[in-house]
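Observations on the three-dimensional arrangement
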Number of protein chains: 2
Amino acid sequence: MDSEEFRRQGHMIIDFIADYYRDVEKYPVLSQVEPGYLRKRLPESAPYNPEPIETILQDVQQHIVPGITHWQSPYYFAYFPSSGSIAGFLGEMLSSGFNVVGFNWMSSPAATELENIVMDWLGEMLKLPKSFLFSGTGGGVIQGTTCEAILCTLAAARDQILNEIGRENISRLVVYGSDQTHSALQKAAQIAGIDPKNFRAIKTTKSSSFTLTPESLQAAIDLDIQAGLIPLFLCATVGTTAITTVDPLGPLCDIAKRYSIWVHVDAAYAGSACICPEFRHFIDGIEGADSFSLNAHKWFFTTLDCCCLWVKNPNALIKALSTNPEFLRNKASDSKQVVDYKDWQITLSRRFRALKLWLVLRSFGVANLRNFLRSHVRMAQLFQELVGGDNRFEIVAPRNFAVVCFRVLPSASGLGDGKANEGANELNRKLLESINASGQLYVSHGMVAGIYFIRFAVGATLTEDRHVIAAWKVVQEKLDGILATS
Amino acid sequence: MDSEEFRRQGHMIIDFIADYYRDVEKYPVLSQVEPGYLRKRLPESAPYNPEPIETILQDVQQHIVPGITHWQSPYYFAYFPSSGSIAGFLGEMLSSGFNVVGFNWMSSPAATELENIVMDWLGEMLKLPKSFLFSGTGGGVIQGTTCEAILCTLAAARDQILNEIGRENISRLVVYGSDQTHSALQKAAQIAGIDPKNFRAIKTTKSSSFTLTPESLQAAIDLDIQAGLIPLFLCATVGTTAITTVDPLGPLCDIAKRYSIWVHVDAAYAGSACICPEFRHFIDGIEGADSFSLNAHKWFFTTLDCCCLWVKNPNALIKALSTNPEFLRNKASDSKQVVDYKDWQITLSRRFRALKLWLVLRSFGVANLRNFLRSHVRMAQLFQELVGGDNRFEIVAPRNFAVVCFRVLPSASGLGDGKANEGANELNRKLLESINASGQLYVSHGMVAGIYFIRFAVGATLTEDRHVIAAWKVVQEKLDGILATS
């Protein structure tokens, strides 16, 4: 790791990546390779002798780039964004450069303390109650992803109650979400040993905009209690995966409180927007929850991975997740004056992720972060208007943030009333495939109440109005093509 | 994310990190800051307006670097190494640059396929049986850390058996390790909902070099079965945390097989060395295990995090960890022709970690990787010889890899026979503190069978003979100082 050789190769890669960003919009957004393509191109075993970085970079360009789905392309509109930024990238570089293993305070005090500080900064930007902040009575931690955040809080909730009523009752614990809740909840429940038959994906309906209603939660709880089960954990969502709907936090928390149910609020995607005063109302009621998380790697420009989790009661986490092996004992930890993040998460080793969040907050500043998020919302509005201008399409669900859910109308399928919706689903599926196969843009789909639709999520850092307009043209052309041949 | 601005700032950070590596040996290895130091130096909230990267980098130098414990310093000998390399760093940069979210094949085919390929490459370098490789009947996956690897395999084992005998039996499942097993096992068991009273840290003794003996495992199993419990999972270790001892894999697997116990082999630290023919024997018997993991970020130069996990039966993992939400459905997954790594791990989102492992394998080549690992072992031998040349010290446990466990002899404490060991513990504790407080090197400690000792782990990428020799001088001087004043 000679520093001059590091410098030489490092500069080379910076140029490589800068060129990649310059050219990224020319690549097919969705990779067009076939399964197994890479094994045909690479040797069967690792080389015995070293290879120069120049050769390796050529291979990256020739063999890896074609197999990349370009999440950084300005024409990337699928799922939720994976938003990079210069600041996020530089923060990740610094983190890799220092390469510290920040399991406890002592292993690198800056890693822990900067995380304490930036989690408070971001918490204040979101106007989280003091009960979630270190400057109050709670605290924040950076996890990898929402699934980890949910798993940790679920384990905390589970052990809190099992330590009271006895471990043998684990099979009686019930976890609640809705049929719109992210699959991360189901997965976390599986891993935490919750009996799969005690996992409730409560049905939502169009009449309540596919939110989890207090009434349906109450009904589910009542049934479970009658059956001798124990309500444990509720995951409410701000910005659901399919249509970015928002569960009513206040009323849900009120019910949960009556049964001592731990409420986690998953705002993985939409939480970022809540730093803007005009969106803050979406997390009204958060004061009743026990934990709250958002993925800064989705729509807050930190690069993957950076899931920000705040909890009211860090001790519950620590009780469920701490181990205190001899080799990690040290004076600072014994003094209880410091945070040891190893006890706030699944893993022992942890990267210095706070750097990238710090760099993003400072490089943008609060004002520009708000404006950047608003620019994505504005572009989504633009797209929505374009859809509205073509009477073959409809908007499937109200747009809350920067995701537009739309579809070709059933009438366009040419099928009779009885089969119109099925026909529309098939048509929209075809349209999605045709759009993505073009490589010109990448969109994904959703399905709610039997309706298949296309999701157009604005949020890639490089996206500008012209990309949105061009994307819409492709959608129209592809539909023209399908209708012409059918 | 303008590409020219990216280039400008990227080059600036490369120079910053290159300078850091050039100067790293001048910094106190263990950070000397006091708890709370950083909050005093940083503003109370995020800036409203953007700040230039130049200002931020100044702050990194002035406020962050003093709070860093320098894991990349050539004088870093604590815990296990967190080994960086130019290749590992560049791979991480490329991964951040592409910033893809590789949850399934389609989301970036190259991310999945390169991981398949490099895990087979590395598996072959380790001479793992074909039953662990994609080219055979198993497969490998890159996780973040060992705790995740254990949690995933434990969940797989748990669900395999509970699906047969009923979920209500979860409280009867027993997990086995030894008192030398890493705390990751205990933590994984806690998270997976195993009753804490069914966690067995089987006692080891000096007579069997603190390995888990087949006899003691058998005895523990017998007791549990008599008590109506169900043996589930065994974690055997190659290179334990305290003294890098090696459990006898073959005999342990033989016993486990009789009871259908899932055996995971944790070779987090020492697994890397097994690419050298002379160390391969340490994983003899691996063919009887169900899963095997090593941390390439420890002693294989990939930077944190990169835990390589191989399993014989990927379907068991997939059954425990898969969810199939509508929004991720796609033709490639439906065809079953591809690997969707989301079902092999806890999280949905995943970074393109295979890039850094690929770059390390190619930039070094097998021959140089072996030689580099051997150079660390040789430096540990050198240190051991230095310790042996000073009759105030003793080696506490046989050295298997590049970790030397030593202590000041009880006789040096000046206390009588009855209190000699206690006195030695106190003396060695003082010595450790004195060494680390000097900032000249960083070592950590262990405790086995009541004996407190100092661990000297060679493995930082920049360490050379001269650093080892200088480190030993500091140890001697610090002991001189303590003995002179007592």
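Residues numbered from 1 in each chain as written. Chains lettered and ligands numbered in written order. Predicted model: local features only at pLDDT ≥ 70, side-chain atom pairs only at ≥ 80, totals over all residues. Heavy atoms only, no water.

As annotated in an unreviewed UniProt entry, chain A is Tyrosine decarboxylase from Citrus sinensis. Per UniProt, the comment on chain A under Sequence similarities (unreviewed entry) is "Belongs to the group II decarboxylase family." Looking at the Cofactor (unreviewed entry) heading of the UniProt record, one finds this comment for chain A: "pyridoxal 5'-phosphate". (UniProt positions renumbered as here; feature names shortened; annotations may be inferred.)

Another aspect to go through is the overall build of chain A. Each helix and strand in chain A was counted, giving 15 helices and 11 strands. Taking 486 residues into account, the globule formula puts the C-alpha radius of gyration at 23 Å, and chain A, at 24 Å, falls close to it. When its C-alpha atoms are laid out on the principal axes, chain A stretches across 70 × 70 × 50 Å. Counting across all 486 residues of chain A, residues that qualify as buried make up 69%. For chain A, the exposed surface amounts to about 15800 Å²; the carbon and sulfur share of it is 51%. Across chain A, 45 positive and 49 negative side-chain charges occur, with their mean positions spaced 2 Å apart. (Helix = DSSP H or I, 4+ residues; strand = E, 2+ residues; numbered from the N terminus. Rg over C-alpha atoms; globule rule 2.2 N^0.38 Å. Buried < 20%, exposed > 50% of the residue type's maximum accessible area, 1.4 Å probe, protein only. Areas by Shrake-Rupley, 256 points an atom, 1.4 Å probe, with all protein chains shown as cover. Lys, Arg positive; Asp, Glu negative; His and termini not counted. Charge placed at Lys NZ, Arg CZ, Asp CG, Glu CD.)

Among the nonpolar cores identified, the biggest contains 316 residues, and A:Phe98, A:Trp310, A:Phe456, B:Trp310, B:Trp358 and B:Phe456 are the most heavily contacted of them. Filtering out sequence-adjacent residues up to four positions away, B:Phe456 remains in contact with B:Phe77, B:Phe383, B:Ala402, B:Val403, B:Val404, B:Phe406, B:Leu441, B:Val443, B:Val468 and B:Ala471. One finds A:Ala189, B:Leu151, B:Leu321 and B:Val339 within the second-largest nonpolar core, a separate group that totals 76 residues. (Core = buried A, V, L, I, M, F, W, Y, C linked by side-chain atoms within 4.5 Å. Contact = heavy atoms within 4.5 Å.)

Next up on the list: the relation of the copies chain A and chain B. Note on the copies: chain A fits chain B at an RMSD of 0.0 Å, the axial shift is 0.0 Å, and the rotation between them is 180°. Interpreted geometrically, this transformation is the action of a two-fold axis. (Least-squares fit on C-alpha atoms with pLDDT ≥ 70 in both.)

Residue and element names in this part refer to chain A. The positions UniProt marks with the feature "modified residue: N6-(pyridoxal phosphate)lysine" (unreviewed entry) are Lys-298. Structurally, the position occupied by Lys-298 is in helix α10 (residues 296-299). We classify Lys-298 as buried; its relative accessible area is 13%. Aside from chain neighbours lying at most four places away, what touches Lys-298 is Phe-80, Pro-81, Ser-82, Ser-83, Ala-268 and Tyr-269.

With respect to the secondary-structure elements, A:Glu51 resides in the loop between α2 (37-41) and α3 (53-64). Filtering out sequence-adjacent residues up to four positions away, A:Glu51 remains in contact with A:Ile56, B:Arg362 and B:Ser363. Among the polar contacts made by the side chain of A:Glu51, one reaches the side chain of B:Arg362 at a distance of 2.8 Å. (Polar contact = N/O pair within 3.5 Å; in protein donor to acceptor, adjacent residues only side chain to side chain.)

Once that is clear, we can look at helix α8 (residues 214-226) of chain A. All names here are of chain A. In this model, α8 (13 residues) spans 18 Å end to end at C-alpha, consistent with the 18 Å of a helix rising 1.5 Å per residue. Those residues of α8 lying buried are Pro-214, Ser-216, Leu-217, Gln-218, Ala-220, Ile-221 and Asp-224. Buried residues along α8 sit against β2 (173-178), β3 (199-202), β4 (230-237) and α9 (249-258). (Expected span 1.5 Å × (residues − 1).)

You can see B:Thr244 is positioned in the loop between β4 (230-237) and α9 (249-258). Apart from residues no more than four positions distant in its own chain, B:Thr244 is found in contact with B:Phe80, B:Gly239, B:Tyr269, B:Asn400, B:Phe401 and B:Val403.

All names here are of chain B. For strand β6 (residues 291-295), the buried fraction is high: 5 of the 5 residues fall into the buried class. Both faces of β6 are covered, namely the face carrying Ser-291, Ser-293 and Asn-295 and the face carrying Phe-292 and Leu-294. Alignment of strand β5 (residues 262-266) against β6, held across 3 bridges, turns out to be parallel. What sits directly across from Val-265, in β6, is Phe-292. Across 5 bridges, β6 lies against strand β7 (residues 307-311) in antiparallel orientation. Note on β7: the bridge partner recorded for Asn-295 is Cys-307. (Pairing = 2+ DSSP bridges.)

All right, on to the side chain of A:Thr181 then. Residues and elements named next belong to chain A. Within the secondary structure, Thr-181 is located in the loop between β2 and α7 (183-191). Separated by 2.6 Å, the side chain of Thr-181 and the backbone nitrogen of Ser-178 make a polar contact. Setting aside chain neighbours within four positions, we find Thr-181 in contact with Cys-235 and Thr-237.

Here we take up the packing of helix α4 (residues 86-98) of chain A against helix α13 (residues 354-388) of chain A. For any two helices packed against each other, one specifies the crossing angle of their axes together with the interaxial distance. Residues and elements named next belong to chain A. Between α4 and α13, the shortest axis-to-axis distance is 7 Å and the interhelical angle comes to 145°. By crossing handedness, the relation of α4 to α13 is classed as right-handed. For the pair α4 and α13, contact is made by Ala-87, Gly-88, Leu-90, Gly-91, Glu-92, Leu-94, Ser-95 and Phe-98 and by Leu-355, Lys-356, Leu-359, Val-360 and Ser-363, respectively. Here the contact of α4 with α13 is composed, by residue class, of 7 nonpolar, 4 polar and 2 charged. (Axes fitted to C-alpha atoms, helices over the stretch in contact; angles between N-to-C directions. Left-handed = near helix turned anticlockwise from the far one by under 90°. Nonpolar A, V, L, I, M, F, W, Y, C, P; charged D, E, K, R; others polar.)

With that settled, the discussion passes to the domain arrangement of chain A. Residue and element names in this part refer to chain A. For chain A, the domain assignment lists domain 1 (3-69), domain 2 (101-351) and domain 3 (367-485). Computed from C-alpha atoms alone, the centre-to-centre distance between domain 1 and domain 3 is 32 Å. Each partner contributes to the interface: domain 1 provides 9 residues, whereas domain 3 provides 9 residues. Buried surface at the junction of domain 1 and domain 3, both sides included, amounts to about 590 Å², of which 62% is carbon and sulfur. A per-residue breakdown of the area domain 1 buries against domain 3 is headed by Glu-25, Val-29 and Leu-30, which together make up 62% of the total. Applying the counting rule to domain 1 against domain 3 returns 1 salt bridge. (Domains from an automatic or database assignment. Buried area = accessible area lost by both parts, 1.4 Å probe. Salt bridge = Lys/Arg side-chain N within 4 Å of Asp/Glu carboxyl O.)

Here we take up the packing of helix α14 (residues 417-437) of chain A against helix α15 (residues 465-485) of chain A. Residues and elements named next belong to chain A. Remark: α14 packs on α15, axes separated minimally by 9 Å, with the N-to-C direction vectors making an angle of 120°. As the angle between them shows, α14 and α15 are arranged oblique. For the pair α14 and α15, the sense of crossing is right-handed. Counted together, Leu-427, Lys-430, Leu-431, Ser-434 and Ile-435 of α14 and Val-475, Lys-478, Leu-479, Ile-482 and Leu-483 of α15 form the full contact between these two elements. Among the residues making up the contact of α14 with α15, the classes are represented as 7 nonpolar, 1 polar and 2 charged. (Parallel < 35°, antiparallel > 145°, perpendicular 65-115°, else oblique.)

The interface of chain A with chain B comprises 147 residues on the first partner and 148 residues on the second. Approximately 13300 Å² of surface area, both sides summed, lies buried where chain A meets chain B, with 67% of it carried by carbon and sulfur atoms. For the chain A face of the interface with chain B, the top three residues by lost area are A:Met1, A:Phe6 and A:Arg362, together amounting to 7%. Along the contact surface separating chain A from chain B lie 12 salt bridges.

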